[in-house]
Amino acid sequence: MLAPSPAGFRRLWPLLKPHGRRLIAGGLCMLTYVACWPLLAWLAGRLIPAIGAGDFPAVLRAVAAALGVFLVQKTAQFGQDTLLAGPALQVSQELRRRLFARLQQLDFGALEKLSAGDLTYRLTEDADRVGEVIYKTIQDSTPSALQLVVVLGYMIWLDWPLALATLLLAPLVAVLVSAFGARVMQAAERSQKQVSDLAALLGEAIGGLPLVRAYAAEPWLQQRFDTEIDLHRRARYRTLTLLAKQHPVVGFIEAFGILAVLLIGAARIQAGGLDSQGFSSYVAALLMLIDPISHLTTNFNEFQQGQASLRRLRAIEAEPIEPPDRPEAQSLGAVQGELVLDGVSFGYDAAQPVLHDLNLHIQPGQVVALVGPSGAGKSTMFSLLLRFNTAQRGRVLLDGQDLADLRARELRRAVALVPQQSSVFSGTVAEAIAFGRPASPEQIRAAAIQANAAGFIEALPGGYESRIEERGSNFSGGQLQRLAIARAVLGNPAVLLLDEATSALDAEAEEAVQRGLDQAMAGRTVLVIAHRLSTVQEADRILVLEHGHIVEQGNHAELMARGGRYRDLCERQFIQMAG
Ligand code: ADP
């Protein structure tokens with residue numbers, strides 16, 4: 001029952017270290033609590049014969065002493081429970097904190113493999129279950145195990161031959177009881193099937209009643225139904241008779257165990273190994289074993305479930321994380337925004353390249369539109385520029401410095417992403433724009449002005465302190481897009497990666513977003529995954545990507561004149577959108 005703490009949980013021990021003093025104080029309370037049990041058993045040994053002998057003063061003395069012991073014991077239990085609850089909960093909090101921190105560092109590939117729902121389940125349900133096991137182990141299993149050992153020790157000390165006999169009998173009783181229980185369970189499961197058969201027939205019959213009536217098949221269906229309910233009754237009867245057998249059989253086995261102990265006890269008294277006081281204490285102690293055994297059994301089952309949960313949590317730790325910055329990583333100074341792709345090849349799976357030998361030179365302040373069919377590799381290019389992924393061949397350079405040699409956090413301050421889905425976190429408008437970066441109200445306002453968002457924000461009753469509900473449900477799509485633009489420009493990035501939203505806004509909202517974008521793009525290097533004709537028309541350069549190759553580049557007029565892939569795309573994709 002007391003399986004040695006498996007490696008998974010043992011590795012949580014270090015988390016308890018900072019709580020040493022509370023644990024020691026709680027442990028002392030626990031020892032006091034446990035030590036009271038044999039004392040109470042001993043007092044029972046005084047009390048029961050005194051009651052039998054009608055020795056009232058002796059009864060009073062024993063009762064008073066027992067009251068005193070109970071008082072001490074319950075006080076110690078209170079101390080134990082309150083002192084240990086804190087550390088137990090803090091361990092599970094720390095576990096959750098570390099997992100979440102890990103989650104934030106996970107490699108994007110690993111993150112995609114684990115679904116959002118699955119991860120949520122792990123960090124809530126699984127973490128709860130592990131927390132519960134930690135709590136129960138400290139708070140319940142440990143005192144129960146101690147109680148078992150101490151009370152058993154007391155029984156052995158009272159009379160070891162009787163204790164030995166009990167120890168041999170107890171497992172026998174347990175095995176018989178559980179073997180019988182297992183048979184009953186099996187039979188009950190079998191007859192459960194009959195119940196579901198009945199439900200299935202009913203489902204079919206009720207749906208088909210008009211058909212049955214149309215064919216005058218009522219007697220036939222009634223006959224089928226009668227057979228089914230007869231089977232159902234028999235199955236239920238089998239279960240009930242089994243249960244009817246279980247109760248007396250289990251009761252008899254248990255009674256047999258108790259009577260056997262009494263018999264052996266009587267024999268020991270005859271043999272002079274034990275007196276009646278000792279025997280009363282022994283029986284009282286025996287009763288004190290029932291609770292801890294049942295607690296340990298229940299906790300053991302939870303413990304096993306907890307282990308499965310812990311394994312799922314540990315699996316997150318086994319996932320690869322984003323490679324850390326190189327030790328010699330360089331600081332980015334003021335960034336101009338020159339981007340170079342130098343023979344870049346990349347595949348999520350190295351054997352299957354998604355981008356092939358891309359060469360590209362973007363001057364600071366240029367606006368480059370990426371177009372091409374879905375799956376061509378446009379988002380993948382963004383992920384390389386943000387260093388979410390690293391090219392297997394070639395280099396990506398920002399102002400002449402290889403991205404791989406930069407500090408990721410600095411790089412991501414200089415290169416800001418405006419994603420297609422303008423997701424904002426709940427909180428205030430100011431918080432959504434600052435997004436964890438230190439920013440003064442003036443800086444936040446300046447960003448909002450650039451994004452053409454200041455107007456609507458300042459018209460809100462709460463201004464910049466207005467609440468954004470979860471998933472921004474109390475803001476319009478156009479407003480959320482402008483908030484996302486403000487968030488991007490707040491850190492004054494030199495490079496803007498823009499994934500144009502595809503969902504259509506009404507003309508007015510569209511214009512407001514476009515104005516925000518135009519202002520945000522001014523003076524910055526911009527790469528935009530373009531979905532609007534106006535965006536590509538105004539871009540300095542258009543790159544047409546297909547299957548990870550740049551198949552055409554130039555500006556709108558040049559590419560239209562060439563009459564190649566771009567013109568095709570334009571005619572198929574943009575024209576109707578522009579219309
Ligand atoms: P686009 O943005 O042009 O639609 P993507 O860059 O998203 O194209 O995708 C390029 C190719 O890479 C596609 O074949 C896509 O299936 C694949 N791909 C994209 N993301 C991943 C990923 N995380 N893991 C594996 N393959 C991916």
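Definitions and limits used
Starting afresh in each chain, residues are numbered from 1 along the sequence in its written order. The model is predicted, so local features are restricted to residues of pLDDT at least 70 and side-chain atom pairs to those at 80 or more, both for listing and for counting; the totals for chains, interfaces and linings are taken over all residues. Only hydrogens and water are set aside when side-chain values are computed; all heavy atoms of the structure are taken into account. Whenever a helix is involved, its axis is fitted only over the stretch in contact; in every case the axis is a line through C-alpha atoms, and angles between N-to-C directions fall within 0 to 180 degrees. Secondary structure elements are taken from DSSP: a helix is a run of H or I of four residues or more, a strand is a run of E of two residues or more, and numbering for both begins at the N terminus. Orientation labels follow simple angle bins: below 35 degrees gives roughly parallel, above 145 gives roughly antiparallel, 65 to 115 gives roughly perpendicular, and whatever is left gives oblique. In what follows, a contact means two residues having at least one pair of non-hydrogen atoms within 4.5 Å. Three classes are used, and their members are as follows: Ala, Val, Leu, Ile, Met, Phe, Trp, Tyr, Cys and Pro are nonpolar, Asp, Glu, Lys and Arg are charged, and the others, Gly among them, are polar. Among the buried residues, those of types Ala, Val, Leu, Ile, Met, Phe, Trp, Tyr and Cys that are joined through side-chain atoms within 4.5 Å form a nonpolar core. Here the term buried applies to any residue with accessible area under 20% of the maximum for its type, exposed to any over 50%, and partly exposed to those in between, with areas from a 1.4 Å probe on protein chains only. Confidence of the prediction at every residue is given by pLDDT, a number between 0 and 100. One heavy atom within 4 Å of a molecule or strand is enough for the residue carrying it to be called near that molecule or strand. Throughout this description, a polar contact denotes any pair of N or O atoms lying within 3.5 Å of each other; where both atoms belong to protein, one of them has to be capable of donating a hydrogen while the other can accept it, and for residues adjacent in sequence the pair is counted only when both atoms sit in side chains. Computed by Shrake-Rupley with a 1.4 Å probe, the accessible areas treat only the displayed protein chains as cover when residues are assessed. When the near helix sits turned anticlockwise from the far one by under a right angle, the crossing is termed left-handed; a clockwise turn instead gives a right-handed crossing. Multiply 1.5 Å by the residue count of a helix minus one, and that product is the helix's expected span.

A. The arrangement of the packing of helix α15 (residues 477-490) against helix α16 (residues 507-521) in detail. Orientation of α15 relative to α16, taken along the N-to-C sense of each, is 10°, at an axis distance of 9 Å. Compared by their axis directions, α15 and α16 come out roughly parallel. Where α15 approaches α16, its residues Gly478, Gln481, Arg482, Ile485 and Val489 are matched on the opposing element by Ala512, Val513, Gly516, Leu517 and Ala520. The class makeup of the residues in the contact of α15 with α16 is 6 nonpolar, 3 polar and 1 charged.

B. Main features of the nonpolar core. Counting 49 residues, the largest nonpolar core has Ile433, Ile457, Leu483, Ile542 and Tyr566 as its most contacted members. Tallying contributions element by element places α15 first for this core, with 8 residues. Ranked by size, the runner-up nonpolar core spans 32 residues in total, among them Ile362, Ala376, Met381 and Leu545.

C. A look at the confidence of the model for the protein chain. Here the protein chain averages 88 in pLDDT, while 97% of its residues score no lower than 70. Contacts for the low-pLDDT stretch residues 1-5, under 50 throughout, to residues beyond four places or in other chains number 8 contacts. Ignoring residues within four places in sequence, the model shows residues 575-579, a span with pLDDT below 50, making 5 contacts including any to other chains.

D. Geometry of the site of the ligand. Every residue near the ligand is listed here: Glu112, Tyr348, Val354, Pro373, Ser374, Gly375, Ala376, Gly377, Lys378, Ser379 and Thr380. A distance of 2.7 Å is found between an oxygen atom of the ligand and a backbone nitrogen or oxygen belonging to Gly375. Within the side chain of Ser379, a nitrogen or oxygen atom sits 2.5 Å from an oxygen atom of the ligand. About the coverage of the ligand: the protein hides 61% of its 560 Å² of free accessible area. For the shell around the ligand, the residue count by class is 4 nonpolar, 5 polar and 2 charged.

E. Focus on the packing of helix α3 (residues 56-105) against helix α5 (residues 116-158). Where α3 contacts α5, the two axes come as close as 9 Å, and the packing angle between them is 155°. By the angle class used here, α3 and α5 are roughly antiparallel. Between α3 and α5 lies a crossing whose hand is right-handed. Contacts between α3 and α5 pair Gln80, Asp81, Leu84, Ala85, Ala88, Val91, Ser92, Leu95, Arg96, Leu99, Phe100 and Leu103 from the former with Leu119, Leu123, Thr124, Ala127, Asp128, Val130, Gly131, Ile134, Tyr135, Ile138, Gln139 and Pro143 from the latter. Here the residues of the contact of α3 with α5 are counted per class, giving 16 nonpolar, 5 polar and 3 charged.

F. Expanded view of α15. Compared with an ideal rise of 1.5 Å per residue, which puts 14 residues at 20 Å, α15 spans 20 Å between its outermost C-alpha atoms and is within 8% of the ideal. With 13 of its 14 residues buried, α15 lies for the most part within the structure. Trailing α15 by a residue or two, Asn492 shows a phi angle of about 50°, which is positive.

G. Quick peek at unusual backbone geometry. Even without being glycine, Ala216 reaches a positive phi, approximately 50°. With respect to the helices, strands and loops of the structure, Ala216 is situated in the loop between α7 (209-214) and α8 (218-271). Its relative accessible area of 54% is what places Ala216 among the exposed residues.

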